[in-house]
Amino acid sequence: MTFAVIKTGGKQYKVAADDVIKIEKLDAEAGDIVTFDQVLMVGDTVGAPLVEGALVAAELLETKKQKTVIIFKKRRRHNSRRRNGHRQLLSTVRITEILTGGKKPSVKAAAKADKTEAVAEKPAKKAEAKAAPKAETAPAAEFKDDVKLIGGVGPALEKKLAAAGITSLKQIADWTAEDVAKFDEELNFKGRIEREEWIAQAKDLIAGKAPRAKAD
């Protein structure tokens, strides 16, 4: 397999067809075909310093920052420490051809055309998403008939009400004035039922309105 030694970004690389290497950032876009004309060696042919008529073509795959390199400097006996980070931009390329005798690259930037089509598809997908009808909202949660939803009714009062046969908001919502007086006296609530408007709260909760804040 023919290989070549190229120079780019102040560094030298030994490459062959289909090799993938990372080099200093190139001023090109992903999918572009880039060429390297500083060819120092092709096979057994050594340049002086370059091989005349030699050219290496490659496809640019991506350009992105690499992992962070930490630079830490410390000066002894001076209480001086400095820590910095650096992320180098490198381009990843795939070698497509090693050419000699002044030949030009035969591989075209097909990948770039594919990328252009993919970018054109994105707005179309967004438009389709906007045009699509919104999914139906989930049905509201079923009503929970719990006397503790009434302001001021905690576990202790719930037990007293249950002992008196009151276990649902529907029962409280249907109370008459006589029922209020009866349970107020029976449970020793001292006017609490009427004062905290338990009947009104029970009706609101059954109607689906937000429960009122519980009293302290």
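Since the structure is predicted, the reported quantities are computational estimates derived from the model, not experimental observations. (Residues numbered from 1 in each chain as written. Predicted model: local features only at pLDDT ≥ 70, side-chain atom pairs only at ≥ 80, totals over all residues. Heavy atoms only, no water.)

Asker: In this structure, what is going on with unusual backbone geometry? I would like to understand it.
Answerer: With the exception of glycine, the majority of residues adopt a negative phi angle, and the majority of peptide bonds are in the trans configuration. Across the junction of Ala48 and Pro49, the peptide omega takes the value -5°, indicating a cis bond. Residue Arg77 is not a glycine yet carries a positive backbone phi of 65°. Here Arg77 shows up in the loop between strand 8 (69-75) and strand 9 (80-86). Among the residues examined, Arg77 registers a relative accessible area of 74% and is labelled exposed. For Asn79, which is not glycine, the phi dihedral falls at a positive 50°. Within the secondary structure layout, Asn79 lies in the loop between strand 8 and strand 9. (Helix = DSSP H or I, 4+ residues; strand = E, 2+ residues; numbered from the N terminus. Buried < 20%, exposed > 50% of the residue type's maximum accessible area, 1.4 Å probe, protein only.)

Asker: Would you mind going over the sheet that holds strand 4 (residues 33-36) with me for this structure?
Answerer: Sheets are built from strands that pair by backbone hydrogen bonding, the pairs being arranged parallel or antiparallel. Taking strand neighbours across the sheet as the criterion, the four strands line up as 3-10-7-4 in an open arrangement whose pairing is antiparallel. Both edges of this open sheet fall to strand 3 (20-24) and strand 4, since each of them pairs with a single strand only. The average undirected angle you get between the axes of adjacent strands in this sheet is 45°. Sheet analysis places strand 4 next to strand 7 (residues 55-65), joined by four bridges and oriented antiparallel. By the bridge assignment for strand 7, Thr35 is matched with Ala57. (Pairing = 2+ DSSP bridges. Axes fitted to C-alpha atoms, helices over the stretch in contact; angles between N-to-C directions.)

Asker: Just to check I follow, could you spell out the environment of Gly53 for this structure?
Answerer: Tracing the backbone through its elements, the reader meets Gly53 in the loop between strand 6 (45-46) and strand 7. Separated by 48 residues in sequence, Gly53 and Gly101 have C-alpha atoms that sit 4.7 Å apart. Excluding residues that lie within four positions of it along the chain, Gly53 makes contacts with Leu99, Thr100, Gly101, Gly102 and Lys103. (Contact = heavy atoms within 4.5 Å.)

Asker: Is there a simple way to think about the sheet that holds strand 5 (residues 39-42) in this case?
Answerer: If you walk across this open sheet you meet the four strands as 2-1-5-6, and the pairing is antiparallel. Either end of the sheet is taken by a strand with one partner, and the two such strands are strand 2 (11-16) and strand 6. Sheet analysis places strand 1 (residues 3-8) next to strand 2, joined by six bridges and oriented antiparallel. Looking at strand 2, one finds that Lys7 is bridged to Gln12.

Asker: Can you walk me through the environment of Asp44 in this structure?
Answerer: The residue Asp44 is located in the loop between strand 5 and strand 6 in this model. Judged by relative accessible area, which is 78%, Asp44 ranks as exposed. Each C-alpha atom, one on Asp44 and one on Phe3, is 9.1 Å from the other, the two residues being 41 residues apart in sequence.

Asker: Looking at this model, I keep getting lost on the pattern of salt bridges. Mind explaining?
Answerer: Side-chain pairs of opposite charge can arise where the charged atoms are in close proximity. Here the structure, examined in full by the defined rule, presents four salt bridges. Among the salt bridges present, the one from Lys11 reaches Glu24, with a minimum N-O distance of 3.0 Å. Taken together, the positions of Lys11 in strand 2 and Glu24 in strand 3 put the pair 13 residues apart, joining distant regions of the chain. Overall, the relative accessible area of 39% leaves Lys11 in the partly exposed class. The closest approach of N and O atoms between Asp174 and Lys170, which form a salt bridge, is 2.6 Å. We classify Asp174 as partly exposed; its relative accessible area is 47%. Residue classification places Lys170 among the partly exposed residues on the basis of a relative accessible area of 46%. (Salt bridge = Lys/Arg side-chain N within 4 Å of Asp/Glu carboxyl O.)

Asker: Hey, could you run me through helix 6 (residues 198-206) in this one?
Answerer: Each α-helix turn comprises 3.6 residues. Residues three or four places apart therefore point the same way. Buried within helix 6 are the following residues: Trp198, Gln201, Ala202, Asp204 and Leu205. The arc that holds the buried residues of helix 6, viewed along the axis, is 165°, so those residues lie on one side. Residue Gly208 follows helix 6 closely and has a positive phi angle near 95°. (Arc of directions from axis to C-beta.)

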